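Coordinate inspection notes
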Amino acid sequence: MQSDQHLLAAIASGSETATDALGALYDAHARVVFGLAKRILVKPEDAEEVVQDVFAQVWRDAKKYEETRASVAGWLVMLTRTRAIDKLRARKARPDLDQANDPTPIFQASAAKGLTPEALAVSSSEAARVGVALNALPDEQRKFIDLAYFEGLSQSEIAEQTGTPLGTVKTRMRTALHSMRAALTP
Amino acid sequence: MSAHQEFQDAIAGYALGGPAALDPAEARALETHLAACADCRAELAELRRVASGIGLSAIAEDPPAHLRTAVLNQAIPENPAIHQTHSVIHEMHTNHPTHSNIVPWMLAAASIALVVATGFYAMMARQQATDALNAKAAANARVVSLQRQLDGLSARIDVLSAPDAVQVKLAGQPDAPNASASVVMSPTKGMVLTAENLPALAAGTIYQLWVVTKQAPVSIGTFEVAADGSVTGTMPISRNASIDPVAIAVTIEPAGGVPAPTGPKVLVGVVGH
């Protein structure tokens, strides 16, 4: 099995094996990309669009990857989050239009959103440690992280929405990230 | 307080949500500082790693099978034909006989014509290739959309044609007097809900469907409605919900849904009536 870096290099080469490499990269990461996009956007068809967009961008920009220092999985996560949050903001900006264009009903199981053992198994060990640390955060800190990362709210918006002083939002967010970082270096 | 400490909070916000997480002036000030401060850049890189971990901690989920095909269909290798044609013509042009001392101006004119023609040809070819790619992308999108509809329809047929399916009529309640709905429920295949005239939801709320069993209400899922208040959808049914169902209800709940009903009932129907 080829490493992610090899696959990206094959995609960047534009050679005959490029499409196969994209398929292999998709097989390795599509579950995580789709899961994250759905976590942010809820609607499966919106999440599907994000998956398509992300892999289209990988196809176009594979050459640019070396400039970033993140792992390939980290890069994909960053691309996914950015595109999903953009879509979320666009949707908020035109809720009526969105509904008119998209009358398909969405049924979402209202299961608890906690981490499952399965999710931990599929993530890298590093991500799993962050996941555990995230779950271990005090509820107040966890909520701010969720609002910032998964809902794309700015610190000011979080302060306003939760009725918390801006300074407290900033401090809690920093404290939360720092304690999760500590979990990364066991 | 040193500059680094002053920027600690901003770096955390920036790592989580990029410049949009901060107020514009704060984001600009941080970016200016980052450009000059290697320590803070390193700090940002580390916290971004943590942020990636948060993303990776979202529950991974299998995307629908048709999506893989759609992704790979988008990935069209660069069409080498255009460049090839271009370079062949270019070669013809540069290999033109050089014993041109007889009518050099004619040759020059011919060269210019050739260059113009080459450029024009390349432009046309590129345009045609772009048109073809756009048409292919549009066709792919259409296929994905049709496949999605087909998946939905075939799930619905599965439920409607199940031998154990029962139908329940739901009537509008005081909060939604004009609403009406029908549910077809099969313990093995799932449920199909068709509702009409549901009122538009207030921001931050969502409809939630319940099967009320002898034990407790069991959540089936949350949904939104079209602009005309209608909805049709298919959803799986849990084992809990299929044991001794007494009634089916729709309530209005906070976005994201709740484990047990809290909001007003808008539709109610009794199983077996």
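Preceding block: the structure.
All of these numbers come straight from a predicted model, not from anything done at the bench. Each chain has its residues counted from 1, following the order in which its sequence is written. Key to labels: chains lettered from A, ligands numbered from 1, both in the order written. The model is predicted, so local features are restricted to residues of pLDDT at least 70 and side-chain atom pairs to those at 80 or more, both for listing and for counting; the totals for chains, interfaces and linings are taken over all residues. Only hydrogens and water are removed before side-chain values are computed, so all heavy atoms of the structure are retained for them.

Our focus in this paragraph is the interface of chain B and chain A. Contacts between chain B and chain A engage 60 residues on the former and 64 residues on the latter. Accessible area that two parts lose when put together, with a 1.4 Å probe and added across both, is what the buried area reports. Of the roughly 5500 Å² buried between chain B and chain A on both sides combined, carbon and sulfur atoms contribute 61%. Contact with chain A buries surface across chain B, with Leu16(B), Leu56(B) and Ile59(B) losing the most and accounting together for 12% of the total. Salt bridge, as applied in this entry: a Lys or Arg side-chain nitrogen positioned within 4 Å of an Asp or Glu carboxyl oxygen. Counting across the chain B and chain A interface gives eight salt bridges. The term polar contact refers here to a pair of N or O atoms within 3.5 Å; inside protein, the definition further demands a hydrogen-donor-capable atom paired with an acceptor-capable atom, and it admits residues adjacent in sequence only when both atoms are side-chain atoms. On the surface where chain B and chain A come into contact, there are 13 residue pairs in polar contact (both at pLDDT 80 or more). Elements supplying a minimum of two residues to the side of chain B that touches chain A: α1 (3-17), α3 (38-56), α4 (65-74), α6 (104-160), β5 (217-223) and β6 (231-235) of chain B. Throughout, a contact is declared for two residues whenever any of their heavy atoms are within 4.5 Å. Helix numbering and strand numbering both begin at the N terminus, where a helix is a DSSP run of H or I of at least 4 residues and a strand a DSSP run of E of at least 2.

Cavities and pockets were defined on a 1 Å grid built over protein atoms only: a cavity is a set of grid points that admits a 1.4 Å probe from which the probe cannot escape, a pocket is an open set flanked by protein on both sides within 12 Å along at least five of seven lines, and lining residues are those with an atom within 4 Å of any such point. Grid points are joined across faces, edges and corners, and a volume is the space filled by probe spheres set on the points. The tally for this structure, following the rule as stated, stands at two cavities of 30 Å³ or more. Quantified by volume, the second largest cavity comes out at close to 30 Å³. What lines the second largest cavity is His29(A), Val32(A), Val33(A), Ala73(A), Leu76(A), Val77(A), Thr80(A) and Leu56(B). Elements with a minimum of two residues in the lining of the second largest cavity: α2 (18-41) and α4 (72-93) of chain A. Per element, the largest residue contribution to the lining of the second largest cavity is four residues, and it comes from α4(A). Classifying every residue of the lining of the second largest cavity gives six nonpolar, two polar and no charged. Gly counts as polar in this scheme, as do all residues outside two lists: the nonpolar Ala, Val, Leu, Ile, Met, Phe, Trp, Tyr, Cys and Pro, and the charged Asp, Glu, Lys and Arg.

Right, let's get into the side chain of Ser52(B). When you line up the elements, Ser52(B) lands in helix α3. Those residues within four positions of Ser52(B) in sequence are excluded, and the remaining contacts are Gly74(A) and Val77(A).

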